[in-house]
Amino acid sequence: MRILTFGPNGSGKGTQGAIVKGKYNLSHVESGAIFRENIKGGTELGKKAKAYIDKGDLVPDEITIPMILNRLQQDDCKSGWLLDGFPRNKVQAEKLDEALQKAGIKLDVIIEIVLDRETAKNRIMGRRLCANDPNHPNNIFIDAIKPNGDKCRVCGGALSARSDDQDEAAIGKRHDIYYNTVDGTLAAAYYFKAKAQAGGVRYIELDGKPGVKEVSQDLMAKLG
Ligand code: AMP
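Residues numbered from 1 in each chain as written. Predicted model: local features only at pLDDT ≥ 70, side-chain atom pairs only at ≥ 80, totals over all residues. Heavy atoms only, no water.

Undergrad: Run through the site of the ligand, naming residues and quoting values.
TA: Taken together, the neighbourhood of the ligand is formed by 16 residues, with Ser31, Arg36, Asp57, Gly85 and Gln92 sitting nearest. With respect to the ligand, the backbone of Asp57 contributes an N or O atom lying 2.6 Å from an oxygen atom. Arg162 places a polar side-chain atom, nitrogen or oxygen, 3.1 Å from an oxygen atom of the ligand. Expressed as a share of its isolated accessible area of 480 Å², the protein-covered part of the ligand is 98%. Looking at which element gives the most residues to the shell around the ligand, the answer is helix α2 (residues 31–40), with four residues. Residues that form the shell around the ligand fall into these classes: five nonpolar, six polar and five charged. (Near = heavy atom within 4 Å. Polar contact = N/O pair within 3.5 Å; in protein donor to acceptor, adjacent residues only side chain to side chain. Areas by Shrake-Rupley, 256 points an atom, 1.4 Å probe, with all protein chains shown as cover. Helix = DSSP H or I, 4+ residues; strand = E, 2+ residues; numbered from the N terminus. Nonpolar A, V, L, I, M, F, W, Y, C, P; charged D, E, K, R; others polar.)

Following this line, the structure appears as structure tokens:
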């Protein structure tokens with residue numbers, strides 16, 4: 001099973017992705033998480049990426065595209081993957097499509113979580129990151145995933161806020177990129193949507209406004 005996920009920052013894409021990943025036992029390939037691990041580890045890649053990430057800009061395609069295409073070739077991706085945070089613009093979509101065609105790999109499902117910009121922004125400012133597992137959902141503004149005091153609600157790990165999540169200008173930039181239907185992330189989603197309709201790939205649209213549980217029930221029902 002190979003899945004692409006789209007949704008603005010703050011739409012619950014990571015949370016829903018983690019649920020789907022668990023259901024189908026997929027490798028969760030999350031571009032933002034790979035960058036954050038590299039920043040934490042002080043690698044060359046991390047050093048290059050940090051300045052872009054802190055400002056809410058995209059890390060340049062010449063760094064990001066090979067990083068993800070290489071990641072998808074690793075052994076743990078052989079039996080399936082869920083891609084989160086990539087493709088983030090139209091060029092990345094075209095390059096991914098090209099690489100998949102070359103490798104003879106077909107997508108199975110594309111998921112788009114639809115959410116308005118204002119709601120997404122408020123959610124981002126409340127989200128907290130668990131030190132033990134970035135997929136443990138914690139958000140101080142959402143009752144269903146409220147942290148346990150200042151600790152992770154899943155494992156009790158230490159929580160922190162991402163620096164790019166507390167900066168309104170950076171959030172604005174990330175959303176400008178996401179909602180851009182000409183060459184931004186929605187353009188990437190629609191690129192694959194057009195292909196999906198022609199090629200038997202399922203394109204699932206979800207309303208991201210309800211709580212985590214409702215959205216995941218909707219998702220599971222549509223996944224079948
Ligand atoms: P995320 O965790 O998906 O919100 O990503 C955090 C940051 O990592 C983004 O704001 C970008 O700076 C960078 N990033 C993540 N994915 C990509 C991508 N596909 N292309 C370029 N930059 C990315």
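Undergrad: Explain helix α3 (residues 44–55) to me, and be specific about the residues and the numbers.
TA: Among the residues making up α3, those that are buried are Gly46, Ala49 and Ile53. Axial view of α3: buried residues confined to an arc of 75°, hence all on one face. More than 90 degrees from the buried face of α3, the exposed residues found are Glu44 and Lys47. As for α3, its buried residues are in contact with α2. (Buried < 20%, exposed > 50% of the residue type's maximum accessible area, 1.4 Å probe, protein only. Arc of directions from axis to C-beta. Contact = heavy atoms within 4.5 Å.)

Undergrad: Give me the layout of surface pockets: which residues, what numbers.
TA: Taken as a whole, the second largest pocket encloses approximately 460 Å³ of empty space. Surrounding the second largest pocket, 16 residues form its lining, Arg36, Glu37, Lys40, Leu129 and Arg162 being those nearest its centre. Secondary-structure elements contributing two or more residues to the lining of the second largest pocket are α2, α3 and β5 (129–130). Considering each element in turn, the lining of the second largest pocket owes the most residues, five residues, to α2. Residue composition of the lining of the second largest pocket, grouped by class: seven nonpolar, two polar and seven charged. (1 Å grid on protein atoms, 1.4 Å probe; cavity = no way out; pocket = protein on both sides within 12 Å on 5 of 7 lines; lining within 4 Å. Points joined across faces, edges and corners; volume = space filled by probe spheres on them.)

Undergrad: Give me unusual backbone geometry: which residues, what numbers.
TA: Residue Pro87 is bonded to the preceding Phe86 through a cis peptide linkage, with omega at 0°. Tracing the backbone through its elements, the reader meets Pro87 in the loop between β3 (81–84) and α5 (90–103). A positive phi is found at Asn25, a non-glycine position, where the angle reads about 55°. Among the structural elements, Asn25 can be located in the loop between α1 (13–24) and β2 (27–30). Judged by its relative accessible area of 65%, Asn25 falls in the exposed class.

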